[in-house]
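Each chain, written out:
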Amino acid sequence: MKPLMLQGHERAITQIKYNREGDLLFSAAKDSKPNVWWSLNGERLGTFNGHGGVVWCLDVDWQSIHLITGGGDSSCRLWDLETGKNIATIKTNSSVRTCNFSYSAYQAAYTTDKAMGHPCEVFIIDTRTIDDSISSASSILKWEITDSKVTSMIWGTLDETIITGHEAGDLIQWDLRTGKKIHSIKEHSRQINDMQLSRDGTMFITASKDQTAKLFDTSSLELLKEYKTERPVNSAALSPILDHVVLGGGQDAMEVTTTSTRQGKFDARFFHLVFEEEFGRVKGHFGPINSLAFHPDGRSYASGGEDGYVRVQSFDQAYFDYTFDYNRD
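The chain appears in an unreviewed UniProt entry as Eukaryotic translation initiation factor 3 subunit I from Pieris brassicae.

This is how it looks when you write it as structure tokens:
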């Protein structure tokens with residue numbers, strides 16, 4: 001299948017995400033305007049205008065009513081998805097690096113960078129009623145991160161915990177009732193660029209600059225599997241229907257040479273979830289892949305690259321027919 005090329009950003013893509021049904025695809029980039037697209041035909045529905053700089057992260061709630069974004073202009077913003085209106089703007093002391101709604105969307109979490117004399121902090125806010133008042137309301141919970149800064153974050157089971165991935169490669173699970181650490185492990189040696197949950201939320205995958213992606217148990221943080229590559233992994237996603245993992249990455253933008261495309265350095269790479277074996281690659285981007293997402297029905301996936309394009313690739317029948325050869329004895 002020919003991929004859909006979504007061209008709406010002037011600069012590198014930072015994060016892409018599908019909503020729960022998969023009819024909408026959201027993209028954030030370094031050009032200050034998050035976009036929303038119809039995932040079926042790649043038509044752009046609209047943009048969310050208001051940020052004054054790079055947008056690092058975004059998330060959509062499960063009912064597709066609100067969008068949350070965080071950016072380099074030291075603000076976390078909440079939007080009405082239908083109209084594109086900026087409902088609330090939460091001012092922060094430094095760039096907002098990660099932001100996520102909890103599963104229920106009653107709460108949201110965001111983290112800020114350590115910069116300009118301010119520490120890296122984690123904030124939990126109440127999002128049951130989203131209106132102007134959130135801009136001035138204080139967070140339900142906030143705590144400082146004294147170690148390396150948070151570079152990725154997901155909500156844990158039953159909205160009771162959040163798991164943060166750090167610049168030094170640590171994974172920390174936090175109890176939201178107290179704001180205290182529950183578990184802390186260090187399975188990566190370098191920065192964790194991305195974390196994504198499995199369909200049922202029992203596992204999550206991390207993508208790291210140390211050239212690996214790893215699968216963990218959400219509640220115990222036990223390391224389950226490891227997927228090795230030869231270059232930094234910027235993003236990894238788990239298929240909702242098959243035992244497949246897709247990895248995307250490439251060198252840092254500043255180290256990229258013109259030969260890299262020919263050498264297949266920017267391919268999306270498919271691994272078997274259980275056997276940790278690579279079984280396929282998809283070419284396309286002219287720069288590192290910065291973000292990946294599977295469609296909730298598992299029949300296509302999207303990738304956002306340093307080249308500013310979002311590509312939506314539908315799978316051929318051969319992908320579903322493919323089975324791994326192994327002895328069942």
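What follows continues from the structure just given.
Undergrad: Which residues make up the side chain of His 51, and what are the values?
TA: By secondary structure assignment, the location of His 51 is in the loop between β5 (44–47) and β6 (55–60). Polar side-chain contacts of His 51 include one of 3.2 Å to the side chain of Asp 73. Beyond its immediate stretch of four places on either side in the chain, His 51 contacts Ser 32, Thr 69, Gly 70, Gly 71, Asp 73, Ser 75, Arg 77 and Trp 79.

Undergrad: Tell me about the sheet that holds strand β1 (residues 4–7), residues and numbers included.
TA: Taken together, the four strands give an open sheet; going across it, the order is β1-β28-β27-β26, and neighbouring strands pair in antiparallel fashion. Either end of the sheet is taken by a strand with one partner, and the two such strands are β1 and β26 (289–294). Here the strands of the sheet are splayed against their neighbours by 20 degrees on average, with no regard to which way each runs. The pairing of β1 with strand β28 (residues 309–314) spans four bridges and is classified as antiparallel. Of the residues in β28, the one forming a bridge with Gln 7 is Tyr 309.

Undergrad: Break down the environment of Gly 308 for me, citing the residues and quoting the values.
TA: Within the secondary structure, Gly 308 is located in the loop between β27 (300–305) and β28. Spatially, the C-alpha atoms of Gly 308 and Leu 6 are 9.0 Å apart, while their sequence positions differ by 302 residues. If we skip the residues at most four places from it in the chain, Gly 308 touches Leu 6, His 9, Arg 11, Ala 12 and Ile 13.

Undergrad: Run through the sheet that holds strand β12 (residues 120–126), naming residues and quoting values.
TA: Taken together, four strands build an open sheet; the order of strands is β10-β11-β12-β13 and the sheet is antiparallel. Among the strands making up the open sheet, the edge pair consists of β10 (96–101) and β13 (141–145). On average, each strand axis in the sheet is tilted by 15 degrees relative to the strand beside it, whichever way the strands run.

Undergrad: Outline the packing of aromatic side chains, supporting the account with residue identities and numerical values.
TA: The geometry of an aromatic ring pair comes down to the distance between the two centres and the angle between the two planes. One pass over the full model with this rule turns up 17 aromatic pairs. Seen from their ring centres, Phe 270 and Tyr 301 are 5.4 Å apart, and the 80 degrees between their planes marks the pair as edge-to-face. A residue pair is termed long-range when its members are at least 10 positions apart, and Phe 270 in strand β24 (residues 268–272) and Tyr 301 in strand β27 qualify at 31 residues. Here Phe 270 and Tyr 301 have matching classes, each one buried. Measuring from ring centre to ring centre gives 3.8 Å for Phe 315 and Tyr 319, while their planes differ by 10 degrees; the resulting arrangement is stacked. Chaining the aromatic ring pairs together yields one cluster made of Phe 270, Phe 279, Phe 294, Tyr 301, Phe 315, Tyr 319, Phe 320 and Tyr 322. The ring of Trp 56 has Arg 97 sitting right over it, with the charged end atom 4.1 Å from the ring centre. Of note, Arg 299 hangs over the ring of Phe 320, and the distance from its end group to the ring centre comes to 4.2 Å.

Calculation rules
- Residues numbered from 1 in each chain as written.
- Predicted model: local features only at pLDDT ≥ 70, side-chain atom pairs only at ≥ 80, totals over all residues.
- Heavy atoms only, no water.
- Helix = DSSP H or I, 4+ residues; strand = E, 2+ residues; numbered from the N terminus.
- Polar contact = N/O pair within 3.5 Å; in protein donor to acceptor, adjacent residues only side chain to side chain.
- Contact = heavy atoms within 4.5 Å.
- Pairing = 2+ DSSP bridges.
- Axes fitted to C-alpha atoms, helices over the stretch in contact; angles between N-to-C directions.
- Phe/Tyr/Trp six-rings, centres within 6.5 Å; stacked < 30°, edge-to-face > 60°.
- Buried < 20%, exposed > 50% of the residue type's maximum accessible area, 1.4 Å probe, protein only.
- Lys NZ or Arg CZ within 6 Å of the ring centre and 35° of its normal.

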